Amino acid sequence: MSNINDLLNENLNDVLKQHNFYKLRKVQEETLQDSLNGTDIIVRSSTGSGKTLSYLLPILNAIDDSIKTPQAIVLAPSYELASQVYNVAYALCKDLNIEVALLIGSANIDRQLSKLKNKPKLIIGTSGRILKLVSLKKLKMHTIKTIVLDEGDRLLSEKHLNNTEEVIKKTLRDRQLVLYSATIDDLTVDVAKTIMKSPLLYNIKEDSIVPKNIVHHTFITTKRDKIPTLRKIISAYKMNKVLLFTSKQTDANTLVDKLNFHNKDAIALNGEISSIERKDALDGFRSGKYKVLVCTDIFSRGLDIEKLFYVINFDLTEDFSIYQHRVGRIGRTSKIGTAISLVEPTEVGILSFIGKNLNIKFDKKGLQDGSVIDQ
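Residues numbered from 1 in each chain as written. Predicted model: local features only at pLDDT ≥ 70, side-chain atom pairs only at ≥ 80, totals over all residues. Heavy atoms only, no water.

### Some points on the pattern of salt bridges
Side-chain pairs of opposite charge can arise whenever the charged atoms involved come near each other.
Here is step 1 of the chain: Applying the stated rule across the entire model yields 10 salt bridges.
Here is step 2 of the chain: Between Asp283 and Lys279 there is a salt bridge, with its nearest N and O atoms 2.7 Å apart. A residue pair is termed a helical-turn pair when its members lie 3 or 4 positions apart in one helix, as Asp283 and Lys279 do in helix H13 (residues 275-287) at 4 residues.
Here is step 3 of the chain: Given the relative accessible area of 34%, Asp283 is considered partly exposed.
Here is step 4 of the chain: A relative accessible area of 51% places Lys279 in the exposed class.
Here is step 5 of the chain: Here Lys361 ties to Asp363 by a salt bridge, and the two come within 2.4 Å at their closest N and O atoms.
Here is step 6 of the chain: With a relative accessible area of 24%, Asp363 lands in the partly exposed category. (Salt bridge = Lys/Arg side-chain N within 4 Å of Asp/Glu carboxyl O. Helix = DSSP H or I, 4+ residues; strand = E, 2+ residues; numbered from the N terminus. Buried < 20%, exposed > 50% of the residue type's maximum accessible area, 1.4 Å probe, protein only.)

### Here's the deal with the confidence of the model for the protein
Here is step 1 of the chain: Mean pLDDT over the protein stands at 89; residues scoring 70 or higher make up 95%.
Here is step 2 of the chain: Mean pLDDT across the secondary structure elements of the protein bottoms out at helix H1 (residues 4-7), with 79, and peaks at strand E2 (residues 72-75), with 98. (pLDDT = per-residue confidence, 0-100.)

### Side note on the pairing of strand E13 (residues 337-343)
Here is step 1 of the chain: Counting buried positions along E13 yields 7 of 7 residues, so the element is predominantly enclosed.
Here is step 2 of the chain: Taking every second residue as pointing to the same face, both faces of E13 are buried, with Gly337, Ala339, Ser341 and Val343 on one and Thr338, Ile340 and Leu342 on the other.
Here is step 3 of the chain: Sheet topology places strand E12 (residues 310-313) next to E13; 4 bridges connect them, and they run parallel. Residue Ile312 lies in a different strand from E13, and its bridge partner there is Ile340. (Pairing = 2+ DSSP bridges.)

### Some details on the packing of helix H6 (residues 109-116) against helix H7 (residues 127-135)
How two helices pack is summed up by the angle between their axes together with the distance between the axes.
Here is step 1 of the chain: Packing of H6 against H7 brings their axes to within 12 Å, and their N-to-C directions diverge by 65 degrees. Classed by the angle they form, the pair H6 and H7 counts as roughly perpendicular. You can see that H6 and H7 cross each other, and the crossing is right-handed. From H6, Ile109, Gln112, Leu113 and Leu116 reach across to H7, where they touch Arg129, Lys132 and Leu133. (Axes fitted to C-alpha atoms, helices over the stretch in contact; angles between N-to-C directions. Parallel < 35°, antiparallel > 145°, perpendicular 65-115°, else oblique. Left-handed = near helix turned anticlockwise from the far one by under 90°. Contact = heavy atoms within 4.5 Å.)

### Side note on the sheet that holds strand E14 (residues 362-368)
Here is step 1 of the chain: Taking strand neighbours across the sheet as the criterion, the 8 strands line up as E10-E11-E9-E12-E13-E8-E14-E15 in an open arrangement whose pairing is mixed. At either margin of the open sheet sits one strand with a lone partner, and together these are strand E10 (266-269) and strand E15 (371-374). Taking the axes of each pair of neighbouring strands and ignoring which way they run, one obtains an average angle of 30 degrees across the sheet.
Here is step 2 of the chain: Note: E10 against strand E11 (residues 292-295), 4 bridges, orientation parallel. Residue pairing across strands places Ala268 opposite Val294, the latter belonging to E11.
Here is step 3 of the chain: Each of strand E8 (214-220), strand E9 (242-245), E11, E12, E13, E14 and E15 touches helix H11 (residues 226-236); the most contacted strand, E13, lies at about 160 degrees to it.
Here is step 4 of the chain: Docked against the sheet, H13 engages E9, E10 and E11, running at close to 140 degrees with respect to E10.

Here it is, written out as C-alpha cells:
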C-alpha cells in the first residue's frame, strides 16, 4: 500500500514521528485506506495487535479544526476500555492541539460538563453517559462523522445493543460506522449489517490469534488442591505481579481472603465494587501495593497493565474467546508472557478444545521442591 506519509496529513505524520511511530502494523496497514475513505468496516484482529491506533489515525487525520463540535465518537462497553483508549488518544491529541473528552458513567458529570465547554472534537466514552449528556442538550451529535464500536461484539450483544443503537440514531445517516474486536462471530456480523452501510469485513489473520510470544502452562490439580497449588505456583514463578481470573464473582472474594491469609497481597476486581474501589484496586496493583489482582471475566477485556507478564486461569471456560481475552492482557507489544491454567482432570477435554480453536500448544507442568518442572 502507499507510504504512511502519503496517506496522513503532515501535522499528524510529524506527531507520529515524535512518538517514534514510523511503521504501520498489519491491522493498521490493511484497514487504513478504507477508513480514510469513510467506508463502514468490521475488523476482527487479535488482542494487542494495534486496533486502537487503527481507528484513531483516520479519525485524527480527518478532524476539521474549523468545526467546533464533536466529529467522532469512540464507544466502549466498559469504563476501563474507554479510559485505556482515551489515554492513547490524549497522548496524540495534546500534540495535535485537538481537544478530546472522556465521558464515562463512573466520573463526575459536572466535571464532564465543564470539559464539554472546551469544545472537544473527539469523544470517547460509554453509551449511558453519552446518552445522558445528549438528553441534557450538552452534547451535540449532528457533526459526528465517524462512530467506532470498540469491542463491537459486546456493544452489539443483548446487554448493550439498545444503548448502542440509540447513540447511533442521534447522528446523521451519512456518518461512518466502524467495528473492531478480537472476537467477532456470525451473529455480530448479522447485527452489524442492520445498522451499517454495506460494510467491508476484515479478518486480520496471523499465525495465531493469540500473540505468539505467550507460552501456555497447565497444572493438573483436583478441585480440593487448587488453592494450595495456586499459592505454590505464585511462589515458584516468583511472581511480583499476576492477573488471576475466575469465572465466579463469589470465588474472587474467597480467593482474595485465602491468598491474603498466606501473605500474597491480593485484591479483587469484580462487578460488585464501586468505581472508586475499582480505581483504588487498579492503582494499587499498578504501583505494586498488591501483587495479585483477582478478576472476573467482565474485566478480561480493556485492562492494560504495564510490565505484566503472568496471567493465571484459576478455572477454565468452554468459551475459548474468553481464554483469548484473558491471556491477551499479557504478551502485548511483543513482550513475553506466561499464561498458566489450573486444570481439573475432567477439564482436559476443554483444554484440547481451546488449543484447537486458538491454535496454541499447552505445556504440562508440575511442582517439585518449590520449583516448576516439565511433565
